[in-house]
Amino acid sequence: MIRLFFVCIFFSLINLVQADEYYVENFGEITFNGSFFGEDFSSSNISNSARFLNINPKLYIENNGLNYNLDIIIKSLSNDNDLYFDIKEANINFSIGDYDLLIGNSIEFWGKTDSFNLVDIINSKNFDEGLVNPIKMGEFMIKSTSELGIGNLSLYYLPIFRKNIYPSNNSRLSFSSNPDNETASYSNGASNGIHQFALRWDGYYDDFDFGFSAFSGNSRDPSFSQLNSLLHPTYTKIEQYGFEIQQTLSNIILKSEIISRYGQPNKSGNIQSYQAAVIGLEKTFYIFLNNNLDLTSMIEFTKDSRGLSSHNANQNDIFLINRVVFNDLQDSSISSILSNDLNTNTGSFIINFSRRYFNSLKAEFGIFSPINLNKDNHLSSISNDINLNFNLTWAW
């Protein structure tokens, strides 16, 4: 069914370019990423460097009330000597009466906080650039959006489930064991062909920006078990109900995300329903130190009712985030994130510098430094992966 849909899109585009009136945007970017690790790994077959080449062409066509979006990722990974291909977006948008419809692959974002988005659940993720660098994969959906009161109501039907992709253990920022990316198990009502549904009502009222959401389908967070020397993922059926809110008060922003999830395995693989929340405070200092700089400082706190048995690392953590914007012609900025697990006193420090050159060229330099992660229940496998990384992106 999905292949037939993409064939229909292809022939629709051919007919479209033969039409008399249409609007076309052809754009995209090419990114080269390099990472260099400061500590040797115990296994000699693991490189102290990693390189990625991403080619990301995009196409937008508009004609007679129909909008076509195409967003493709083609990636070369130095560690696997292989090509990765994903259709992030290939969809048709149109309106019927008061309803806006989207059919096809798309990337969705839900949430308000910066450190960790609990409510964001639609898309599966590709971790091939490292466990701390997940990238969303395109999700096939039928989406309807309409006005409802002071907000918009979006309804989703997700007929196809995509498994996450995890990095092999011959690369850095990965598990200690090799993951099984070919097969997966399903339990608690989950299946590869499950019909998944979601809704989100989001809007504005006075100083508040809010959203309510619900999801029923396969979890995007599998549990793992050792099977034939591989880490084998098991996906369960879950239900999740979420609430997100943000209040803007001049240069201060208060934000929060709260979820209640049912059917999710904990770290031991046992089904354990739970509640979790992220709360944050953001303040911007304009013309910082009497210079043409803007400093935005954030503090966010995450809490999971399961404590150390949580399936993710952000169960009782505090994040300190700072971003300095230079307000120059080159869009220069510096950002940093310091995280700390209040239970284990582990965390990480990340700092990035970004600057644009010649309008279409952007350079980014960063450092990732683990802090006592050898004591962490979830991320001990990357405790030696301190690294210097850079991105060079050319956009057209």
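The shown structure was predicted, so the numbers you read here are calculated from the model rather than taken from an experiment.

## Looking at the side chain of serine 154
And step 1. By the element assignment, serine 154 lies in strand E9 (residues 151-158).
And step 2. Reaching out from serine 154, the side chain makes a polar contact with the side chain of threonine 145 at a distance of 3.0 Å.
And step 3. Other than its neighbours up to four places away in sequence, serine 154 contacts Lys143, Ser144, Thr145, Ala198, Leu199 and Arg200.

## Some details on unusual backbone geometry
And step 1. Of note, the phi angle at asparagine 327 is positive, near 55°, even though the residue is not glycine.
And step 2. Turning to its location among the elements, asparagine 327 is positioned in the loop between strand E19 (316-325) and strand E20 (333-341).
And step 3. For asparagine 327, a relative accessible area of 38% translates into the label partly exposed.
And step 4. Backbone geometry places aspartate 331, a non-glycine residue, at a positive phi of 55°.
And step 5. One can find aspartate 331 in the loop between E19 and E20.
And step 6. Judged by relative accessible area, which is 47%, aspartate 331 ranks as partly exposed.

## So, the pattern of salt bridges
And step 1. In this structure the tally under the stated criterion is 17 salt bridges.
And step 2. Between lysine 143 and glutamate 108 there is a salt bridge; the shortest N-O distance is 3.3 Å. Of this pair, lysine 143 sits in strand E8 (residues 139-148) while glutamate 108 sits in the loop between strand E5 (99-106) and strand E6 (125-126), and the two are 35 residues apart along the sequence.
And step 3. Judged by its relative accessible area of 15%, lysine 143 is buried.
And step 4. Overall, the relative accessible area of 8% leaves glutamate 108 in the buried class.

About the criteria used
- Residues numbered from 1 in each chain as written.
- Predicted model: local features only at pLDDT ≥ 70, side-chain atom pairs only at ≥ 80, totals over all residues.
- Heavy atoms only, no water.
- Helix = DSSP H or I, 4+ residues; strand = E, 2+ residues; numbered from the N terminus.
- Polar contact = N/O pair within 3.5 Å; in protein donor to acceptor, adjacent residues only side chain to side chain.
- Contact = heavy atoms within 4.5 Å.
- Buried < 20%, exposed > 50% of the residue type's maximum accessible area, 1.4 Å probe, protein only.
- Salt bridge = Lys/Arg side-chain N within 4 Å of Asp/Glu carboxyl O.

By themselves, these figures tell us nothing about what the structure is for.
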